[in-house]
Amino acid sequence: MRMKGDRGSVLALVPAGFLVLMLLAAIAVDSAVTYLGQEQLHDALAAAANDAVTAGLDSPSFYGSGTIKLDPVQVGRAVCLSVLAQNDTALRQVHLWMYVHGDSVQVQGTAVIDGVFGRFIPGFAHRTVRASAEAVVTEGPLASTTGILSPAAAPPTPLDCFSG
Amino acid sequence: MLLFVVGTLMVANAWGVVDTKFAAVEAAKQATRTYVEAPSGAVAGTEAQLAADQALAGYGRDPRRAGFTLQSGSFDRCQRITIAVSYPAPLLELPFIGRIGTGEAVRADHSELVDPYRSGIPGTSSCA
């Protein structure tokens, strides 16, 4: 049953409903963009850890005595070169940290992603994403059951890849 | 009503671009990984292209419409391989209807090193 005083209220409700739908659609797109950014950051870190764990090996030790020894300076350089080579323009204010722990390299990072529609709404313009990746150097094919890697004991080393 | 129609078209276009970017990012990553892990330089390019095609097909895209470029590097120890994959985004992507029209091309790059200590390549590592 419709009250006499309700007549005409649909004129206000329909545009309001459309606006809510548009807002939800915009949130869906921005969430997808954020997820894409996080995936790109993770891909960049995985490539960096994978590159660093071999490019960061101490070459004289490996060829001389067959010893696997990671050089933290070489590892840091390899991580920076790898992340810079990805050319991910969607990732801003990238901050990186690395752990070198025995024969493994762990790289962690954060980045800021700009929203597509969120930039028009104060407070929703950017979102920060974080990711991490770890690589272990082994000789020969990696066994399928490697288990969970032990957490790094040393504090992370921040990397300054983007200055200059 | 005009605002609603224009807004919906903008969202549908943005969704199409984002969805295509997901496919391109995955294709570039798989192609690069396949290239650096290939058994020899003779097959690296072909296998990388195949990996990109399969990744795109997995996302429901037609690999024949994709652009595949080896941006830098060659199959040698410590070489940085960068592969770019581009794919034209649809003008609109709508539920139940699918992709309509062709918009701008979306591109994704991925870069990895050929393992300096891998087997199958003559010589020794020079990058580390």
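Cut-off values and rules
- Residues numbered from 1 in each chain as written.
- Chains lettered and ligands numbered in written order.
- Predicted model: local features only at pLDDT ≥ 70, side-chain atom pairs only at ≥ 80, totals over all residues.
- Helix = DSSP H or I, 4+ residues; strand = E, 2+ residues; numbered from the N terminus.
- Rg over C-alpha atoms; globule rule 2.2 N^0.38 Å.
- Buried ≥ 20, exposed ≤ 12 C-beta atoms within 10 Å, placed from the backbone.
- Contact = placed C-beta atoms within 7 Å.
- Axes fitted to C-alpha atoms, helices over the stretch in contact; angles between N-to-C directions.
- Parallel < 35°, antiparallel > 145°, perpendicular 65-115°, else oblique.
- Left-handed = near helix turned anticlockwise from the far one by under 90°.
- Nonpolar A, V, L, I, M, F, W, Y, C, P; charged D, E, K, R; others polar.
- pLDDT = per-residue confidence, 0-100.
- Pairing = 2+ DSSP bridges.
- Core = buried A, V, L, I, M, F, W, Y, C linked by C-beta atoms within 7 Å.

K.L.:
For the overall build of chain B, give the residues involved together with the corresponding values.
P.N.:
A count of helices and strands for chain B gives 2 helices and 5 strands. Listing every helix and strand of chain B by position from the N terminus yields α-α-β-β-β-β-β. Against the compact-globule benchmark of 14 Å for 128 residues, chain B has a radius of gyration of 18 Å, which places it well outside the compact range. When the 128 residues of chain B are sorted by exposure, 44% land in the buried category. Contacts in chain B between residues at least 24 apart in sequence constitute 59% of all its contacts with a sequence separation of at least 6.

K.L.:
Give me the overall build of chain A: which residues, what numbers.
P.N.:
Within chain A, the regular secondary structure consists of 3 helices and 4 strands. Buried residues in chain A amount to 30% of all 164 residues. Look at the contacts in chain A between residues 6 or more apart in sequence, and 65% of them connect residues 24 or more apart.

K.L.:
Lay out the packing of helix α1 (residues 10-55) of chain A against helix α1 (residues 2-37) of chain B in plain terms, naming residues and giving numbers.
P.N.:
At a minimum axis separation of 10 Å, α1 of chain A and α1 of chain B run at an interaxial angle of 15°. If you check the angle between α1 of chain A and α1 of chain B, you find them roughly parallel. Crossing hand, α1 of chain A versus α1 of chain B: left-handed. Contacts between α1 of chain A and α1 of chain B involve Phe 18, Met 22, Ala 25, Ala 26, Val 29, Ala 32, Val 33, Leu 36, Glu 39, Gln 40 and Asp 43 of chain A from the first element and Phe 4, Gly 7, Val 11, Ala 14, Trp 15, Val 18, Lys 21, Phe 22, Val 25 and Lys 29 of chain B from the second. Here the contact of α1 of chain A with α1 of chain B is built from residues that sort into 15 nonpolar, 2 polar and 4 charged.

K.L.:
Lay out the environment of Asp 71 of chain A with the relevant residues and their values.
P.N.:
Mapped onto the secondary structure, Asp 71 of chain A falls in the loop between α2 (59-65) and α3 (72-86). For Asp 71 of chain A and Ala 52 of chain A, which are 19 residues apart along the polypeptide, the C-alpha to C-alpha distance reads 9.7 Å.

K.L.:
An account of the environment of Leu 56 of chain B is requested, with residue identities and associated values reported.
P.N.:
Secondary-structure assignment places Leu 56 of chain B in helix α2 (residues 41-58). The spacing of Leu 56 of chain B and Val 25 of chain B is 31 residues in sequence and 9.6 Å in space, taken between C-alpha atoms.

K.L.:
Describe the confidence of the model for chain B, with residues and values.
P.N.:
On average, chain B scores 90 in pLDDT, and the residues at 70 or more come to 99%. Here strand β3 (residues 92-94) of chain B is the element of chain B with the lowest mean pLDDT, 79, and strand β2 (residues 80-88) of chain B is the one with the highest, 96.

K.L.:
Talk me through the pairing of strand β5 (residues 105-113) of chain B; I want residue IDs and the actual numbers.
P.N.:
Residue and element names in this part refer to chain B. With respect to burial, β5 is a largely interior element, 7 of its 9 residues being buried. Taken together, the 9 bridges between β2 and β5 define a ladder with antiparallel strand orientation. Residue pairing in the sheet places Ile 83 in a bridge with His 110 of β5.

K.L.:
Could you give me a rundown of the sheet that holds strand β4 (residues 157-159) of chain A, with the residues and numbers involved?
P.N.:
Residue and element names in this part refer to chain A. Pairing is antiparallel in the open sheet, where 4 strands are placed in the order β3-β2-β1-β4. Of all the strands in the sheet, just β3 (126-136) and β4 have a single pairing partner and so form its edges. Taking the axes of each pair of neighbouring strands and ignoring which way they run, one obtains an average angle of 20° across the sheet. Bridge count between strand β1 (residues 92-101) and strand β2 (residues 104-114): 8 bridges; the pairing is antiparallel. Bridged to His 95 within β2 is Thr 110. The strands touched by α1 are β2 and β3; relative to β3, the strand with the most contacts, the crossing angle is about 30°. Strands β1, β2 and β4 of the sheet are contacted by α3, whose axis makes an angle of about 150° with β1.

K.L.:
Now, about the interface of chain B and chain A: what can you tell me, with residues and values included?
P.N.:
Contacts between chain B and chain A engage 25 residues on the former and 27 residues on the latter. Those elements that place two or more of their residues in the side of chain B that touches chain A are α1, β2 and β5 of chain B. At 10 residues, α1 of chain B tops the list of elements feeding residues into the side of chain B that touches chain A. Taken together, the residues of the side of chain B that touches chain A sort by class into 13 nonpolar, 6 polar and 6 charged.

K.L.:
Can you lay out the nonpolar core for me, pointing to particular residues and giving the numbers?
P.N.:
Judged by nonpolar contacts, the single largest core of 66 residues is most densely connected at Val 79 and Val 105 of chain A together with Ala 27 and Val 85 of chain B. Mapped onto this core, the elements with two or more residues apiece are α1, α3, β1 and β2 of chain A together with α1, α2, β2 and β5 of chain B. With near-sequence residues (within four places) excluded, Ala 27 of chain B lies in contact with Ala 52, Ala 55, Leu 56, Ala 66 and Val 85 of chain B.

K.L.:
So what about the packing of α1 of chain A against α3 of chain A? Which residues, and what values?
P.N.:
Packed helices, taken two at a time, are described by their axes: the angle between them and the distance between them. Residues and elements named next belong to chain A. Where α1 contacts α3, the two axes come as close as 8 Å, and the packing angle between them is 145°. Every pair of crossing elements has a handedness; the one defined by α1 and α3 is right-handed. Mapping the contact onto sequence places Ala 44, Ala 47, Ala 48, Asp 51, Ala 52 and Ala 55 in α1 and Gln 74, Val 75, Ala 78, Val 79, Ser 82, Val 83 and Gln 86 in α3. Per-class residue counts for the contact of α1 with α3 are 9 nonpolar, 3 polar and 1 charged.

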